Amino acid sequence: AQSVTQLDSQVPVFEEAPVELRCNYSSSVSVYLFWYVQYPNQGLQLLLKYLSGSTLVKGINGFEAEFNKSQTSFHLRKPSVHISDTAEYFCAVSDRGTYKYIFGTGTRLKVLA
Amino acid sequence: SQTIHQWPATLVQPVGSPLSLECTVEGTSNPNLYWYRQAAGRGLQLLFYSVGIGQISSEVPQNLSASRPQDRQFILSSKKLLLSDSGFYLCAWSAPPVAEKLFFGSGTQLSVL
């Protein structure tokens, strides 16, 4: 069965520090991988996606993620965070065959001044 | 351009009453359609998804059901609501053949009292 695990429910980090938000998935089939961001009182916005090709994908707002097939991971990184990055981040997996699209439980990133 | 409409925005229903939430997509054909429930700390829980008229995949056994009577219409229903059905319900669509980015409706806040 397909599943997505975001181990960290909350991540506090100081402004201008690097951050990594972890995402692991399990699936018996080929998948596409995504990160979405939800700012306070707003809808979900696509941050980046991995469909094929280079395992390092770059997204909006300076975020990037690396697909690691052997570790079934898709961790999100940013070298220097800003206060405005405070939001909830969701990892998602889409089944290439059935279009089933599931999300992790989310990680709340809180950037501290 | 494509748009998604979801209504109502808020709904207060007594326990045991029926439910019908509607979602329609404009500007595209044969979209993949999804119903999610978002709860704090639990991310987005996939409830149902559909890849075509009359084709519904159910992910969570519960007293909710979904139907797709027309290509761009997706309905979430219940015959008798439970207190545990309270939550924020989101409809979403993606364009086949690749389930890439999801486009979300504005959501329905359901309170069952």
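Since the model is a prediction, treat every value here as computed from it, not as a measurement.

As for the overall build of chain B
1) Next: The helix and strand tally for chain B stands at zero helices and eleven strands.
2) Next: What you see in chain B, going N to C, is helices and strands ordered as β-β-β-β-β-β-β-β-β-β-β.
3) Next: In terms of overall dimensions, chain B is globule-like: its C-alpha atoms have a radius of gyration of 13 Å, near the 13 Å expected for 113 residues.
4) Next: Out of the 113 residues belonging to chain B, those deemed buried represent 48%.
5) Next: In chain B, the share of contacts with a sequence separation of at least 24, taken over all contacts with a separation of at least 6, comes to 55%.
6) Next: For chain B, the computed accessible surface area is about 5,200 Å², with 55% contributed by carbon and sulfur atoms.

Remarks on the pairing of strand S5 (residues 31-38) of chain A
Residue and element names in this part refer to chain A.
1) Next: By the criterion of burial, S5 is predominantly enclosed, with eight of the eight residues buried.
2) Next: Bridge count for S5 against strand S10 (residues 87-95) is eight bridges, and the pairing is antiparallel. Residue pairing for S10: Val37 is matched across the bridge by Tyr89.
3) Next: Relative to strand S6 (residues 44-50), S5 runs antiparallel, the two being bridged by six bridges. Bridge pairing in S6 links Leu33 to Tyr50.
4) Next: Where S5 hands over to S6, the hairpin turn is made up of five residues, of which Asn41 adopts a positive phi near 65°.

Some points on the side chain of A:Gln38
1) Next: With respect to the element layout, A:Gln38 can be found in strand S5.
2) Next: Since its relative accessible area comes to 13%, A:Gln38 is described here as buried.
3) Next: In terms of polar contacts, A:Gln38 uses its side chain to reach the side chain of B:Gln38, at 2.8 Å.
4) Next: Apart from residues no more than four positions distant in its own chain, A:Gln38 is found in contact with A:Gly43, A:Leu44, A:Ala87, A:Glu88, A:Phe90 and B:Gln38.

Overview of the interface of chain B and chain A
1) Next: Of the residues lining the interface, 20 residues belong to chain B; the matching set on chain A comes to 18 residues.
2) Next: On the chain B side of the contact with chain A, B:Leu44, B:Ala99 and B:Glu100 bury the most area, a combined 27% of that side's loss.
3) Next: Salt-bridge contacts for A:Lys100 lead to B:Glu59; the nearest nitrogen and oxygen are separated by 2.9 Å.
4) Next: One can count eight residue pairs in polar contact (both at pLDDT 80 or more) joining chain B with chain A.
5) Next: Those elements that place two or more of their residues in the side of chain B that touches chain A are strand S4 (32-39) and strand S5 (43-52) of chain B.
6) Next: For the side of chain B that touches chain A, the element with the most residues is S5(B), which contributes five residues.

What about the sheet that holds strand S7 (residues 64-70) of chain B?
Residue and element names in this part refer to chain B.
1) Next: As summarised here, the arrangement of the four strands in space is S1-S3-S8-S7, forming an open sheet in which the pairing is antiparallel. Two strands in the sheet have a free side with no partner beyond their single neighbour: strand S1 (3-7) and S7. In this sheet, neighbouring strand axes are inclined to one another by 15° on average, regardless of whether the strands run parallel or antiparallel.
2) Next: Of the pairings in the sheet, the one linking S7 to strand S8 (residues 73-78) comprises five bridges and is antiparallel in character. Of the residues in S8, the one forming a bridge with Ser65 is Ser77.

Brief notes about the pattern of salt bridges
1) Next: Applying the stated criterion across every chain, the model contains nine salt bridges over all chains.
2) Next: Note that A:Lys49 is salt-bridged to B:Glu100, the shortest N-O span being 2.4 Å. With A:Lys49 in strand S6 and B:Glu100 in the loop between strand S9 (87-94) and strand S10 (103-104), this pair bridges two chains.
3) Next: Relative accessible area serves as the criterion here: at 33%, A:Lys49 is assigned to the partly exposed category.
4) Next: Judged by its relative accessible area of 25%, B:Glu100 is partly exposed.
5) Next: One network of salt bridges, with partners in common, ties together A:Glu20, A:Glu66 and A:Arg77.

Calculation notes
Residues numbered from 1 in each chain as written. Chains lettered and ligands numbered in written order. Predicted model: local features only at pLDDT ≥ 70, side-chain atom pairs only at ≥ 80, totals over all residues. Heavy atoms only, no water. Helix = DSSP H or I, 4+ residues; strand = E, 2+ residues; numbered from the N terminus. Rg over C-alpha atoms; globule rule 2.2 N^0.38 Å. Buried < 20%, exposed > 50% of the residue type's maximum accessible area, 1.4 Å probe, protein only. Contact = heavy atoms within 4.5 Å. Areas by Shrake-Rupley, 256 points an atom, 1.4 Å probe, with all protein chains shown as cover. Pairing = 2+ DSSP bridges. Polar contact = N/O pair within 3.5 Å; in protein donor to acceptor, adjacent residues only side chain to side chain. Buried area = accessible area lost by both parts, 1.4 Å probe. Salt bridge = Lys/Arg side-chain N within 4 Å of Asp/Glu carboxyl O. Axes fitted to C-alpha atoms, helices over the stretch in contact; angles between N-to-C directions.

Functional significance is not addressed by these values, which are geometric in nature.
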